[in-house]
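These are the residues of each chain, in order.
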Amino acid sequence: MTLPSIDDTHDQTRSSWVESANGHSSFPLQNLPLGMFTLAGASTPRAGVAIGDSVVDLAALAQAGLLPEAAPMLDGDPAANALLGAAPEVRSAVRRRLCDLLDAGKPASDAARKRAGEFLHDASACRMLVPARIGSYSDFNAGIFHSARGGMRRGRSREEALLPNYRHIPIGYHGRASSVCVSDTPVRRPNGQFRLPDADAPVFGPSRKLDFELELGIWLGRNTELGEPVSIEEAATHIAGYSLLNDWSARDIQSWESERLGPFLGKSFGTTVSPWVITPEALAPFRLPAFERSGTDPRPLPYLLDEEDQRQGSLDLAFEVWLRPAGANEAVRISHSHARHLYWTPAQIVAHQASNGCNLRAGDLLGTGTITGPGHDNFGTFLDAIDAQHPVVRAGAAERTFLHDGDELTLTAHARREGFATIGFGHCRGAVVPAAPTKYRTA
Ligand code: CA
């Protein structure tokens with residue numbers, strides 16, 4: 001496996017002439033995440049890079065002759081997903097050049113600074129888009145503490161909480177790509193079929209158990225041929241980057257429909273992603289060993305086992321969950337978690353997804369699964385927060401067991417390490433709006 005290495009683009013002493021990038025921005029010079037946006041009044045999607053409170057228009061910078069390396073990212077065909085489909089060498093060359101052009105102390109930046117008006121936009125003037133035309137979306141279940149709590153809720157003991165396959169196989173299901181939305185898109189409470197407690201027959205109506213799921217989204221960057229698996233050694237090179245992902249879930253619809261075949265309409269009414277794709281290059285200083293397996297855990301099968309991936313295939317990412325209850329002015333942090341609670345690495349998830357020969361395409365999206373941690377305040381979903389000792393989640397004066405209409409839920413993530421600039425993921429945010437009126441008889 002060949003993970004990107006740490007180089008002078010990670011030097012924490014470098015600062016940018018874009019002043020807002022210095023200090024506490026999620027998007028300092030060392031981050032440079034990729035995204036798609038439109039300018040106010042225009043409809044053409046444009047490829048961009050976040051720097052502080054601004055967005056670099058890659059095509060405009062290339063047109064000015066300052067970023068020839070970006071040419072492969074600027075394919076005119078929007079279906080090609082050129083931004084995320086660029087080869088790792090291209091991504092890394094663009095990063096190096098951009099870092100020099102935006103660096104306050106590099107002579108190379110003089111020309112860029114003089115022509116900033118041509119390619120630098122205020123982020124507030126840009127409407128962010130889902131960063132790719134997503135061909136396929138799969139969601140996994142790699143959060144081991146989430147899975148264990150699910151088992152215990154179903155009456156299994158702590159020791160037997162995980163199903164027998166859990167430690168052998170990255171569990172997943174195929175989701176809907178059509179309803180993946182960008183941050184700040186309202187999420188409409190779904191109508192659906194569910195059975196109320198103690199009722200004999202199901203009803204159809206607005207979900208009463210709308211929940212969130214804190215996940216990491218993995219964006220794929222390379223096409224493969226049908227029938228061609230991806231080896232664990234090369235799996236990381238298929239990852240174009242990461243964003244936050246909220247797999248909104250209607251628990252009442254989900255639990256009634258999932259017998260035999262798993263989640264369906266209780267999930268597909270909406271999934272929210274943060275717009276900026278944090279690249280593997282930006283995350284080079286923030287790698288961790290894979291989840292430490294206990295002595296009784298099985299070794300992964302060879303198609304999921306790579307020495308480098310075991311040594312540094314996980315990510316040092318801290319997550320926070322914020323809730324602004326309906327009617328409140330301020331959001332309250334209700335939980336925090338960490339990517340180290342994922343039992344499977346992103347590379348193992350990619351290798352497993354492709355192991356049967358199902359082809360991958362640039363712009364495909366994989367969710368890791370809910371990232372709940374071991375502590376009570378590390379829940380990645382309301383389902384994991386509520387138990388006999390903790391009947392509600394408190395957010396200021398509000399108490400919740402599920403989301404109310406008007407609630408706004410926000411996920412954030414940061415990578416921090418001594419000696420390196422902290423980088424952030426931005427926001428993955430959505431407010432709940434009431435269910436659509438239904439022509440059917442409701443609950
Ligand atoms: Ca999920």
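The preceding data block contains the structure.
Conventions we followed
- Residues numbered from 1 in each chain as written.
- Predicted model: local features only at pLDDT ≥ 70, side-chain atom pairs only at ≥ 80, totals over all residues.
- Heavy atoms only, no water.
- Helix = DSSP H or I, 4+ residues; strand = E, 2+ residues; numbered from the N terminus.
- Rg over C-alpha atoms; globule rule 2.2 N^0.38 Å.
- Buried < 20%, exposed > 50% of the residue type's maximum accessible area, 1.4 Å probe, protein only.
- Contact = heavy atoms within 4.5 Å.
- Core = buried A, V, L, I, M, F, W, Y, C linked by side-chain atoms within 4.5 Å.
- Phe/Tyr/Trp six-rings, centres within 6.5 Å; stacked < 30°, edge-to-face > 60°.
- Lys NZ or Arg CZ within 6 Å of the ring centre and 35° of its normal.
- Pairing = 2+ DSSP bridges.
- Disulfide = S-S within 2.5 Å.
- Axes fitted to C-alpha atoms, helices over the stretch in contact; angles between N-to-C directions.
- Lys, Arg positive; Asp, Glu negative; His and termini not counted.
- Salt bridge = Lys/Arg side-chain N within 4 Å of Asp/Glu carboxyl O.
- Expected span 1.5 Å × (residues − 1).

### Considerations on the overall build of the protein chain
Within the protein chain, the secondary structure is distributed over 10 helices and 25 strands. The C-alpha radius of gyration of the protein chain comes to 22 Å, within 12% of the 22 Å expected for a compact globule of 443 residues. Projecting the C-alpha coordinates of the protein chain onto the three principal axes gives extents of approximately 70 × 50 × 40 Å. By residue count, 53% of the 443 residues in the protein chain fall in the buried class. Restricting to contacts in the protein chain with at least 6 residues of sequence separation, those with at least 24 account for 74%.

### Topic: the nonpolar core
Counting 62 residues, the largest nonpolar core has Phe 212, Leu 283, Leu 317 and Phe 319 as its most contacted members. Tallying contributions element by element places helix H9 (residues 346-354) first for this core, with five residues. If we ignore the near neighbours within four places in the chain, the residues touching Leu 283 are Tyr 242, Ile 278, Leu 315, Leu 317, Ala 415 and Ile 423. Formed by 45 residues, the second largest nonpolar core is a distinct cluster that contains Ala 64, Met 73, Cys 99 and Leu 245.

### Quick word on the packing of aromatic side chains
Counted according to the given criterion, the structure contains seven aromatic pairs. Looking at Arg 293, its charged tip hangs above the ring of Trp 344, at a distance of 4.7 Å from the centre.

### Thoughts on the sheet that holds strand E19 (residues 318-324)
The five strands lie next to each other as E9-E25-E24-E19-E20, forming an open sheet whose pairing is mixed. Both edges of this open sheet fall to strand E9 (187-188) and strand E20 (332-338), since each of them pairs with a single strand only. As paired elements, E19 and strand E24 (residues 408-415) share seven bridges and run antiparallel to each other. Within the sheet, the bridge partner assigned to Glu 320 lies in E24 and is Thr 412.

### Here we look at the state of the cysteines
Formally, a disulfide is one covalent bond, and it connects the sulfur atom of one cysteine to the sulfur atom of another. Applying the stated criterion across every chain yields a total of zero disulfides. Not engaged in a disulfide, the cysteine Cys 126 finds its nearest cysteine sulfur in Cys 428; these two sulfurs lie 19 Å apart.

### Things to note about the sheet that holds strand E6 (residues 137-140)
As summarised here, the arrangement of the seven strands in space is E7-E6-E21-E13-E14-E16-E8, forming an open sheet in which the pairing is mixed. The two strands at the open ends of the sheet, each matched to only one other strand, are strand E7 (172-174) and strand E8 (180-182). On average, adjacent strands in this sheet sit at an angle of 30° to one another, irrespective of strand direction. Where E6 meets strand E21 (residues 365-367), three bridges bridge the pair, whose relative direction is parallel. Across the sheet, residue Ser 138 finds its bridge partner in E21, namely Leu 366.

### Quick word on unusual backbone geometry
Even without being a glycine, Asp 184 presents a positive backbone phi close to 80°. Among the structural elements, Asp 184 can be located in the loop between E8 and E9. The phi torsion at Arg 260 lies on the positive side, around 85°, for a residue other than glycine. With respect to the helices and strands, the residue Arg 260 is situated in the loop between helix H7 (251-257) and strand E16 (271-273). Overall, the relative accessible area of 82% leaves Arg 260 in the exposed class.

### Quick word on the side chain of Asp 139
As for its position among the elements, Asp 139 is in strand E6. An unpaired buried charge is present at Asp 139: no salt bridge exists, and Lys 267, the closest side chain of opposite charge, is 5.1 Å distant. In contact with Asp 139, other than residues within four places in its own chain, are Ile 171, Gly 172, Tyr 173, Glu 213, Glu 215, Asp 247, Gly 367, Thr 368 and Gly 369.

### What about helix H3 (residues 88-102)?
Relative to the 21 Å expected for 15 residues at 1.5 Å per residue, H3 spans 21 Å between its end C-alpha atoms, a close match to the ideal helical length. Listed as buried for H3 are Val 90, Arg 91, Ser 92, Ala 93, Val 94, Arg 95, Leu 98, Cys 99, Leu 101 and Leu 102. Elements that come into contact with the buried residues of H3 comprise strand E1 (34-39), strand E2 (46-51), strand E3 (54-57), helix H1 (58-63), helix H4 (109-114) and strand E14 (239-246).

### Details of the pairing of strand E10 (residues 191-194)
Burial along E10 is one-sided: Gly 192 and Phe 194 are buried, while Asn 191 and Gln 193, pointing the other way, are not. Sheet analysis places E10 next to strand E11 (residues 203-206), joined by four bridges and oriented antiparallel. Opposite Phe 194, over in E11, you have Val 203 as the bridge partner.

### What about the environment of Pro 170?
Relative to the elements of secondary structure, Pro 170 occurs in the loop between helix H6 (144-153) and E7. For the pair Pro 170 and Thr 368, spaced 198 residues apart in sequence, the C-alpha to C-alpha distance is 9.4 Å. Discounting chain neighbours no more than four positions away, the residues touching Pro 170 are Phe 140, Leu 304, Trp 344, Gln 348 and His 352.

### Some remarks on the environment of Ala 318
Structurally, the position occupied by Ala 318 is in strand E19. Considered as a pair, Ala 318 and Ser 337 are 19 residues apart in the sequence and their alpha carbons are 6.0 Å apart. Contacts of Ala 318, omitting those with residues within four sequence positions, involve Ser 337, His 338, Thr 412, Ala 413, His 414 and Arg 416.

### Examining H6
Burial analysis of H6 places seven of its 10 residues in the buried class, the great majority of the element. Taken as a whole, H6 has its buried residues at Ile 144, His 146, Ser 147, Ala 148, Arg 149, Gly 150 and Gly 151. Tucked into the core, H6 has its buried residues touching helix H10 (382-385). Once H6 finishes, Gly 155 follows within two positions and takes phi at roughly 95°, a positive value.

Purely spatial values, then, with no claim about function.
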